[in-house]
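Below are the chains, spelled out letter by letter.
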Amino acid sequence: MEKMKKKVRYPLLKLGIVIGIVIAYFSFVFAGKMVREEYLESRDVENYQGEEETIGVSLRYEGEGSGILHTMDDESITGYISSIPLYADTEENVCLMNVYLHLPEPFPYPVTEEIVPTKELLAGEEPVIVLGQGVKSDVIHKENGDYYKVCGEEYRVIAYVASEESNSLDYVRILFYDCLGKKAKSDIDYFARTIGITLMFRSDTVDLIEYYQEKQKLVDDRVEQISYSQGILEDSYSVDNSLVDYQKYAYLLYIFSLVLIVMVIELWIVQRKNEFAIRRAVGYSRYQIIGMISQELIKTIFGIGGILLLLQFVFQKIFPGVMESNWLHDLAVCMIFMGITFTLLMIYPIYKIMTDSIVASIQDKGV
């Protein structure tokens, strides 16, 4: 009976601590996932760039530009129109798309569905597109395949791509100039005439500056403006810059949760001052009382953390597409959470017991 009483002592305060730890756990885990995602996306960009040189060529021209773009193209290098804003009817939004001047071989992106794009697939008259895995929910499903509308025209999806670990390719949209619809080509010419377009050239074997100078001579009399720049950042793999903001908000919520828990612990200590005073009277040192509090806090934090981690694993198994993660990473984040949270939450009780006069004053009154 005595054990039962101990288990239900201060139920509201313990419930407050539990709720605070749950909120702190999920905010900490969310921040951890954002840190991991940012790292993986940045690593994807670095790995993709590798040893290849990259330059950007700014181009403006009047009229129809297929002749100019074909002149700028060469099978020996990878070249594409970078981040051209085209209207995606399927999503009812303007999206940035890359338009390759020819199919790069080997195809540089990991294909998750369908088959790896080949020249044979691009040889037909039908417009085709390659999409990131995250865009799959926006395609039009037909009996003969998936379709995606760009500038009012349907493009057959020939492949879906995705990075193995991060989301850096989930929303990429890859077109091919020789497989474009008339309206998309018209829009590219419009942007080339008004604000200009950027061609990206990549190679690890060709001197791109010399390549540019040769091509410039061939198109100089057909363009309004042409120039190049080096040190261009890779734009096929994306790094979500908002992840940093998400991390800040998550950590702020984590700190706020800890403050709430400390307030509950303050009330918890006050309500137990008689117990602490009695323990002091029978010979407990302040360090023993601190040890007793730390044991209770460890049990609470590690118990709740373990349960939440287990629920995470179960949820990932049931809904793998909704909550993708790495179990080893989740375990490491959980252990880090437990260690940091316990350390931070013990600062106040240690200070309170070592410096406060509550225990001493009660003991002096003969409690």
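1. Brief notes about the environment of Q213
Consideration 1: Looking at the secondary structure, you find Q213 in helix 5 (residues 208-219).
Consideration 2: Along the primary structure Q213 and Y228 are separated by 15 residues, whereas in three dimensions their C-alpha atoms are 9.5 Å apart.

2. Focus: unusual backbone geometry
Consideration 1: A cis amide bond, omega -5°, links E105 with the succeeding residue P106.
Consideration 2: Topologically, P106 is positioned in the loop between strand 3 (93-100) and strand 4 (111-114).
Consideration 3: Phi at S83 takes a positive value of approximately 50°, unusual for a residue other than glycine.
Consideration 4: With respect to the helices, strands and loops of the structure, S83 is situated in strand 2 (residues 78-88).

3. Description of the packing of helix 8 (residues 286-318) against helix 9 (residues 327-355)
Helix-helix packing: each pair is described by the crossing angle between the helix axes and the interaxial distance.
Consideration 1: Across the interface, helix 8 lies against helix 9 with an axial gap of 9 Å and an inter-helix angle of 155°. Viewed along their axes, helix 8 and helix 9 adopt a mutual orientation that is roughly antiparallel. The way helix 8 lies across helix 9 gives a crossing that is right-handed.
Consideration 2: For the contact of helix 8 with helix 9, the per-class residue count stands at 21 nonpolar, 6 polar and 2 charged.

4. Quick word on the pattern of salt bridges
Consideration 1: Across all of its chains, the model carries 10 salt bridges by this definition.
Consideration 2: Ionic pairing is found between E275 and R279, a salt bridge with its closest N-O pair at 3.1 Å. With E275 and R279 both in helix 7 (residues 273-281) and 4 residues apart, the pair spans about one turn of that helix.
Consideration 3: For R279, a relative accessible area of 24% gives the class partly exposed.
Consideration 4: Within this structure, R272, E275, R279 and E296 form a network of salt bridges that share partners.

5. Side note on the environment of T300
Consideration 1: Topologically, T300 is positioned in helix 8.
Consideration 2: Once the C-alpha coordinates of T300 and I17 are considered, the two residues, 283 residues apart in sequence, prove to be 8.4 Å apart.
Consideration 3: Among all residues touching T300, those that are not within four sequence positions of it are I17, V18 and I21.

6. Let's talk about helix 9
Consideration 1: Look at helix 9: 42 Å from first C-alpha to last across 29 residues, which is about the 42 Å you get at 1.5 Å a residue.
Consideration 2: Along helix 9, the sharpest change in direction is near 25° and occurs at M346; proline P349 comes one to four residues later.
Consideration 3: Among the residues of helix 9, H329, D330, V333, C334, F337, M338, T341, L345, M346, P349, K352 and I353 are the ones counted as buried.

7. Section: the confidence of the model for the protein chain
Consideration 1: Mean pLDDT over the protein chain works out to 84, with 88% of the residues at or above the 70 mark.
Consideration 2: Looking at the elements of the protein chain, mean pLDDT is at its lowest for helix 1 (residues 2-7), recorded as 45, and at its highest for helix 4 (residues 182-194), recorded as 94.
Consideration 3: Contacts from residues 1-8, a stretch scored under 50 in pLDDT, to residues over four places away or in other chains number 1 contact.
Consideration 4: Contacts from residues 361-367, a stretch scored under 50 in pLDDT, to residues over four places away or in other chains number 8 contacts.

8. Here's the deal with the side chain of S27
Consideration 1: Tracing the backbone through its elements, the reader meets S27 in helix 2 (residues 11-49).
Consideration 2: Overall, the relative accessible area of 4% leaves S27 in the buried class.
Consideration 3: In this structure the side chain of S27 is engaged in a polar contact, spanning 2.9 Å, whose partner is the backbone oxygen of A24.
Consideration 4: Excluding its chain neighbours within four sequence positions, the residues that come into contact with S27 are A250, L253 and Y254.

9. Thoughts on a nonpolar patch on the surface
Consideration 1: On the surface, L12, L15, V18, I19, I23, L253, I255, F256, V259, L260 and M263 cluster together to form a nonpolar patch covering roughly 1000 Å² of accessible area.
Consideration 2: Mapped by element, the contributors of at least two residues to the nonpolar patch are helix 2 and helix 6 (242-271).
Consideration 3: Looking at which element gives the most residues to the nonpolar patch, the answer is helix 6, with 6 residues.
Consideration 4: Mapping V259 onto the fold places it in helix 6.

10. Section: the nonpolar core
For soluble globular proteins, nonpolar side chains are generally found buried alongside one another.
Consideration 1: I81, Y148, I197 and F201 are the most contacted members of the largest nonpolar core, which totals 43 residues.
Consideration 2: Considering each element in turn, this core owes the most residues, 5 residues, to helix 5.
Consideration 3: Beyond its immediate sequence surroundings of up to four residues, I197 is in contact with V57, S58, L59, Y61, L69, I81, I84, I188, F191 and A192.
Consideration 4: The next biggest cluster of nonpolar side chains, apart from the first, holds 31 residues, and it includes Y25, F337, M338 and L345.

Calculation criteria
- Residues numbered from 1 in each chain as written.
- Predicted model: local features only at pLDDT ≥ 70, side-chain atom pairs only at ≥ 80, totals over all residues.
- Heavy atoms only, no water.
- Helix = DSSP H or I, 4+ residues; strand = E, 2+ residues; numbered from the N terminus.
- Axes fitted to C-alpha atoms, helices over the stretch in contact; angles between N-to-C directions.
- Parallel < 35°, antiparallel > 145°, perpendicular 65-115°, else oblique.
- Left-handed = near helix turned anticlockwise from the far one by under 90°.
- Nonpolar A, V, L, I, M, F, W, Y, C, P; charged D, E, K, R; others polar.
- Salt bridge = Lys/Arg side-chain N within 4 Å of Asp/Glu carboxyl O.
- Buried < 20%, exposed > 50% of the residue type's maximum accessible area, 1.4 Å probe, protein only.
- Contact = heavy atoms within 4.5 Å.
- Expected span 1.5 Å × (residues − 1).
- Bend = angle between axes of the 7 residues up to and from the residue.
- pLDDT = per-residue confidence, 0-100.
- Polar contact = N/O pair within 3.5 Å; in protein donor to acceptor, adjacent residues only side chain to side chain.
- Patch = residues over 30% accessible without salt bridge, like charges linked within 9 Å, V, L, I, M, F, W, Y side chains within 5 Å.
- Areas by Shrake-Rupley, 256 points an atom, 1.4 Å probe, with all protein chains shown as cover.
- Core = buried A, V, L, I, M, F, W, Y, C linked by side-chain atoms within 4.5 Å.

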